[in-house]
Amino acid sequence: MLKAFEENLKNIAVIDRGDFHAKVRERIGKKATPSLEKRLTNMILLLPKLLARAYRHNARPEVPSDTKRLTGYALTYFYHPKDFIPEDNRHLFGYLDDAFYIGLLYERILKSLIHAGCELQEFDKAFLKQFGLVKRSIKLTIPREASLIEGMIDNIQAGAEAALAEAFAQS
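The structure displayed is predicted, hence computed values, not measured ones. (Residues numbered from 1 in each chain as written. Predicted model: local features only at pLDDT ≥ 70, side-chain atom pairs only at ≥ 80, totals over all residues. Heavy atoms only, no water.)

1. Concerning the environment of Phe100
Note on placement: Phe100 falls in helix α6 (residues 96-115). Taking relative accessible area as the criterion, Phe100 reaches 0% and is therefore assigned buried. Along the sequence, Phe100 and Leu9 sit 91 residues apart, while their C-alpha atoms lie 15 Å from each other. Ignoring any residue separated from it by four or fewer positions in sequence, one finds Phe100 in contact with Lys135, Ile138, Lys139, Ala146, Ile149 and Glu150. (Helix = DSSP H or I, 4+ residues; strand = E, 2+ residues; numbered from the N terminus. Buried < 20%, exposed > 50% of the residue type's maximum accessible area, 1.4 Å probe, protein only. Contact = heavy atoms within 4.5 Å.)

So this is what it looks like as structure tokens:
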């Protein structure tokens, strides 16, 4: 399933360049540089790999249960028909909020592994190194949605089971 999703995202990225650029430009104006757009696109294209790795890491005993709870909600958020930026099968921009949620989730998983004294793989080290800039780029592009997602994640991690529904009610 994730392999098919990965291929679908790659195909969308190829045919959707103009629309993605227009939507990013609409949101942030002239700050929509090619490098920023590439950073955002690459994060979206990483979604399937990050989901797979998050679920694999989630099985580790070093990952705290509150962080595991976030992983459980990841697919609910991802497949919810009315998330913060609804996607359709033709446009890449609609996956930006999903990429932000999954990126934050994966960052928290990796930080919990580091806190537990685990050695990270090179992919994970590279992700953490680059995600700060990606995170700022996403917050610049979708500031309201990013703020709602961060609050929702904090609330879910704190045990507020209704956080997902409450966040969608605000959108």
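After that view, the rundown keeps rolling.
2. Some words on helix α7 (residues 122-141)
Between its first and last C-alpha atoms α7 spans 28 Å; for 20 residues at 1.5 Å apiece the expected length is 28 Å, and the two agree. Of all the bends in α7, the largest measures some 40° and sits at Phe131. All of the buried residues along α7 are Asp124, Phe127, Phe131, Val134, Lys135, Ser137, Ile138 and Thr141. Residues of α7 that are buried make contact with α2 (17-28), α3 (34-45), α4 (47-58), α6 and α8 (143-157). (Expected span 1.5 Å × (residues − 1). Bend = angle between axes of the 7 residues up to and from the residue.)

3. Re the layout of surface pockets
There is about 310 Å³ of room inside the largest pocket. Forming the walls of the largest pocket are 13 residues, and the residues nearest its centre are Asn42, Met43, Leu46, Gln130 and Val134. The set of elements that each furnish at least two residues to the lining of the largest pocket consists of α3 and α7. Looking at the lining of the largest pocket element by element, the count peaks at seven residues for α7. The computed volume of the second largest pocket comes to approximately 200 Å³. Surrounding the second largest pocket, 14 residues form its lining, Ala13, Arg17, Glu37, Lys38 and Thr41 being those nearest its centre. Of all elements in the fold, only α1 (2-15), α2 and α3 reach the threshold of two or more residues within the lining of the second largest pocket. Per-class residue counts for the lining of the second largest pocket are six nonpolar, three polar and five charged. (1 Å grid on protein atoms, 1.4 Å probe; cavity = no way out; pocket = protein on both sides within 12 Å on 5 of 7 lines; lining within 4 Å. Points joined across faces, edges and corners; volume = space filled by probe spheres on them. Nonpolar A, V, L, I, M, F, W, Y, C, P; charged D, E, K, R; others polar.)

4. A few points about the pattern of salt bridges
Considering all chains together, one arrives at 13 salt bridges under this definition. Linking Asp124 and Arg53 is a salt bridge whose minimum nitrogen-to-oxygen distance equals 3.1 Å. Separated by 71 residues along the polypeptide, Asp124 in helix α7 and Arg53 in helix α4 bring together distant segments of the chain. On the basis of relative accessibility, which here comes to 0%, the residue Asp124 falls in the buried class. (Salt bridge = Lys/Arg side-chain N within 4 Å of Asp/Glu carboxyl O.)

5. Observations concerning the side chain of Glu107
With respect to the helices and strands, the residue Glu107 is situated in helix α6. Given the relative accessible area of 9%, Glu107 is considered buried. If we skip the residues at most four places from it in the chain, Glu107 touches Phe127, Leu128, Phe131 and Lys135.

6. A look at the packing of aromatic side chains
Summed over the entire model, instances satisfying the criterion amount to six aromatic pairs. A centroid spacing of 5.8 Å and a plane angle of 55° characterise the contact between Phe5 and Tyr95, whose relative ring orientation is tilted. Taken together, the residues span a long stretch of sequence, with Phe5 in helix α1 and Tyr95 in the loop between α5 (65-79) and α6 at a distance of 90 residues. With respect to class, Phe5 is no different from Tyr95; both count as buried. Pairing Tyr77 with Tyr101 gives two aromatic rings, centres 5.2 Å apart and planes at 10°, and the pair type is stacked. Of this pair, Tyr77 sits in helix α5 while Tyr101 sits in helix α6, and the two are 24 residues apart along the sequence. Note on Tyr77: relative accessible area 1%, which makes it buried. Here Tyr101 falls in the buried class, since its relative accessible area comes to 0%. What links up through ring pairs into an aromatic cluster is the set Tyr77, Phe84 and Tyr101. (Phe/Tyr/Trp six-rings, centres within 6.5 Å; stacked < 30°, edge-to-face > 60°.)

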